[in-house]
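Read off the chains here:
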Amino acid sequence: MAATTLYQSVGTLQSCRNNGNSGLCPDYGHVSFRSVSKGFKVDVGLLRGGSFCSRKRSTCVIQASASQATVFDEASAPSSATTSDSNKKTSEASLILIRHGESMWNEKNLFTGCVDVPLTTKGVEEAVEAGKRISNIPVDMIYTSALIRAQMTAMLAMTQHRRKKVPTIIHEESEQAGAWSQIFSEDTNMQCIPVVTAWQLNERMYGELQGLNKQETADKYGSEQVHEWRRSYDIPPPNGESLEMCAERAVAYFTEHIEPQLASGKNIMIAAHGNSLRSIIMYLDKLTSQEVISLELATGIPMLYIFKEGRFIRRGSPPAPTEATVYAYTKKLAQYRQKLDDMFE
Ligand SMILES: O=C(O)[C@H](O)COP(=O)(O)O
């Protein structure tokens, strides 16, 4: 359960999407706001049913996640499905990134890379849990890797979505493939979410390490060497891809195929892998090759970005899980988050 607390925010509410109305917010995630309270900033808050919002916006009692969190109601989200369905251009769109849930080789602590390994029971649960966190965020299109653990994560997450649209695989490899996977009924189209699978979003190839136990490899080659293989930017594991090589395909795919969709107002979810997503986040957050070393992504935790006027604004994860390192650049930040969670438990 996410730690929650009551914030009393006085005079610091900067924006509110409750159409300027006073009163009880009827719905979980109905209102998003910016507020500063208790000495730290809740970048975009998560309101739950029964929260009170003042018309004057000078006082507001809100129940929010202790960590940075965002949930948008479809009516108030940057670009709702309805908006993109009706082909209206908007200047904002949401981008959800999810690393797949725990796989069988994650569980066994084996280097996986591009081996196609399914989810564990825990991985399935993580995917469903991820879906609950993003159930109010509009999704117009889904991109996954070609690997089953990412595809299952995307599908399972969508079972929880409020819109109940059906993810439908489309093909973009060639014009003919595109034509063959077209859905010709407009009504049916409205009930579907196109899913594109792309090998470019696959996990990086771990070369000769694939299938080896991470701990045993560290015992054999030393933990520094293994850390270098796993986290350095430009040093590839033996016969595998470095993060830089992985970025060359994953970020190129993102900028060529996904960014234009965001620019046209489509809300996108990407279900992919630890390293393909690390390279994309490096691009989105403009991290240096030094900074990306300490970027760790947990399995099954969605992260939200808003694409606005050509820029990506990081909104963190919808309500935090009990673990602190869901999305942390540094240990210090993780400890800080842990402290917050403990404070408000
Ligand atoms: O391929 C793997 O083994 C994992 O999915 C990512 O592993 P890493 O955390 O060692 O990069």
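Residues numbered from 1 in each chain as written. Predicted model: local features only at pLDDT ≥ 70, side-chain atom pairs only at ≥ 80, totals over all residues. Heavy atoms only, no water.

- The name given to the protein in an unreviewed UniProt entry is phosphoglycerate mutase (2,3-diphosphoglycerate-dependent), with the source organism recorded as Solanum stoloniferum.
- Recorded under Sequence similarities (unreviewed entry), the UniProt text for the protein is reproduced unchanged: "Belongs to the phosphoglycerate mutase family. BPG-dependent PGAM subfamily." (UniProt positions renumbered as here; feature names shortened; annotations may be inferred.)

Re the overall build of the protein
Working step 1: Helix and strand counts for the protein come out as 11 helices and 15 strands.
Working step 2: Looking at the protein as a whole, 54% of its 345 residues qualify as buried.
Working step 3: Excluding contacts between residues fewer than 6 apart, the proportion of contacts in the protein whose partners are at least 24 apart in sequence is 73%. (Helix = DSSP H or I, 4+ residues; strand = E, 2+ residues; numbered from the N terminus. Buried < 20%, exposed > 50% of the residue type's maximum accessible area, 1.4 Å probe, protein only. Contact = heavy atoms within 4.5 Å.)

Observations regarding the UniProt feature "site: Transition state stabilizer" (unreviewed entry) in the protein
Working step 1: Residues annotated in UniProt with the feature "site: Transition state stabilizer" (unreviewed entry) correspond here to His273.
Working step 2: Secondary-structure assignment places His273 in the loop between strand 11 (268-272) and helix 10 (274-284).
Working step 3: If sequence neighbours within four positions are ignored, His273 has contacts with Arg99, His100, Ser145, Leu147, Arg149, Ala150, Leu201, Asn202, Glu203 and Arg278.
Working step 4: Reaching out from His273, the side chain makes a polar contact with the side chain of Ser145 at a distance of 2.7 Å. (Polar contact = N/O pair within 3.5 Å; in protein donor to acceptor, adjacent residues only side chain to side chain.)

A few points about the nonpolar core
Working step 1: The biggest cluster of nonpolar side chains holds 33 residues, and the ones touching the most others in it are Leu95, Leu97, Tyr143, Phe254, Leu262 and Ile270.
Working step 2: At the level of elements, strand 7 (92-99), strand 8 (141-144), helix 9 (243-263), strand 11, helix 10 and strand 13 (302-308) are the ones that each hand at least two residues to this core.
Working step 3: Here this core takes 8 residues from helix 9, the largest share from any one element.
Working step 4: Each residue touching Phe254, except ones within four places of it in the same chain, is listed here: Leu95, Glu259, Pro260, Leu262, Ile270, Ile280, Tyr283, Leu284 and Phe312.
Working step 5: Core analysis: the next-biggest nonpolar cluster, separate from the first, contains 16 residues, Ile98, Ala130, Ala154 and Ile306 among them. (Core = buried A, V, L, I, M, F, W, Y, C linked by side-chain atoms within 4.5 Å.)

Here we look at the site of the ligand
Working step 1: Lining the immediate environment of the ligand, one finds Arg99, Leu110, Phe111, Thr112, Gly113, Glu203, Tyr206, Lys214, Arg230, Arg231 and Asn275.
Working step 2: Within the contact set of the ligand, an oxygen atom lies 2.6 Å away from a side-chain nitrogen or oxygen of Arg230.
Working step 3: For the ligand, whose accessible area on its own is 320 Å², the fraction buried by protein is 96%.
Working step 4: The class makeup of the residues in the shell around the ligand is 3 nonpolar, 3 polar and 5 charged. (Near = heavy atom within 4 Å. Areas by Shrake-Rupley, 256 points an atom, 1.4 Å probe, with all protein chains shown as cover. Nonpolar A, V, L, I, M, F, W, Y, C, P; charged D, E, K, R; others polar.)

A word on the packing of helix 7 (residues 214-221) against helix 8 (residues 223-231)
Each packed pair of helices is defined by two parameters, the angle between the axes and the distance between the axes.
Working step 1: Two elements in contact, helix 7 and helix 8, have axes separated by 6 Å at closest approach and are oriented at 125°. Between helix 7 and helix 8, the angle falls in the class oblique. Residues Lys214, Thr217, Ala218 and Tyr221 of helix 7 touch helix 8, and the partners they reach there are Ser223, Gln225, Val226, Trp229 and Arg230.
Working step 2: The residue inventory of the contact of helix 7 with helix 8, partitioned by class, reads 4 nonpolar, 3 polar and 2 charged. (Axes fitted to C-alpha atoms, helices over the stretch in contact; angles between N-to-C directions. Parallel < 35°, antiparallel > 145°, perpendicular 65-115°, else oblique.)

Observations concerning the pattern of salt bridges
Working step 1: Scanning the entire structure with this criterion turns up 6 salt bridges.
Working step 2: For the salt bridge of Glu92 with Lys308, the shortest nitrogen-to-oxygen distance reads 3.7 Å. With Glu92 in strand 7 and Lys308 in strand 13, the pair connects residues that are 216 residues apart, well separated along the chain.
Working step 3: The closest approach of N and O atoms between Glu129 and Lys132, which form a salt bridge, is 3.9 Å. Within this pair, Glu129 and its partner Lys132 are both found in helix 3 (residues 121-133), separated by 3 residues, close to a single helical turn. (Salt bridge = Lys/Arg side-chain N within 4 Å of Asp/Glu carboxyl O.)

Here's the deal with the packing of helix 9 against helix 10
Working step 1: Close contact between helix 9 and helix 10 brings their axes to 8 Å; oriented N to C, the two are set at 65°. Taken together, the axis directions place helix 9 and helix 10 in an arrangement best described as roughly perpendicular. The handedness of the crossing between helix 9 and helix 10 comes out as right-handed. On helix 10, the residues that touch Leu243, Cys246, Ala247, Ala250, Val251, Phe254, Thr255 and Glu259 of helix 9 are Asn275, Ser276, Arg278, Ser279, Ile280, Tyr283 and Leu284.
Working step 2: Here the contact of helix 9 with helix 10 is composed, by residue class, of 9 nonpolar, 4 polar and 2 charged. (Left-handed = near helix turned anticlockwise from the far one by under 90°.)

Overview of the pairing of strand 10 (residues 192-197)
Working step 1: Pairing of strand 8 with strand 10 involves 3 bridges; the strand directions are parallel. What sits directly across from Thr144, in strand 10, is Thr197.
Working step 2: Judged from the 4 bridges that link them, strand 9 (residues 166-169) and strand 10 form a sheet pairing that is parallel. Note on strand 10: the bridge partner recorded for Thr168 is Pro194. (Pairing = 2+ DSSP bridges.)

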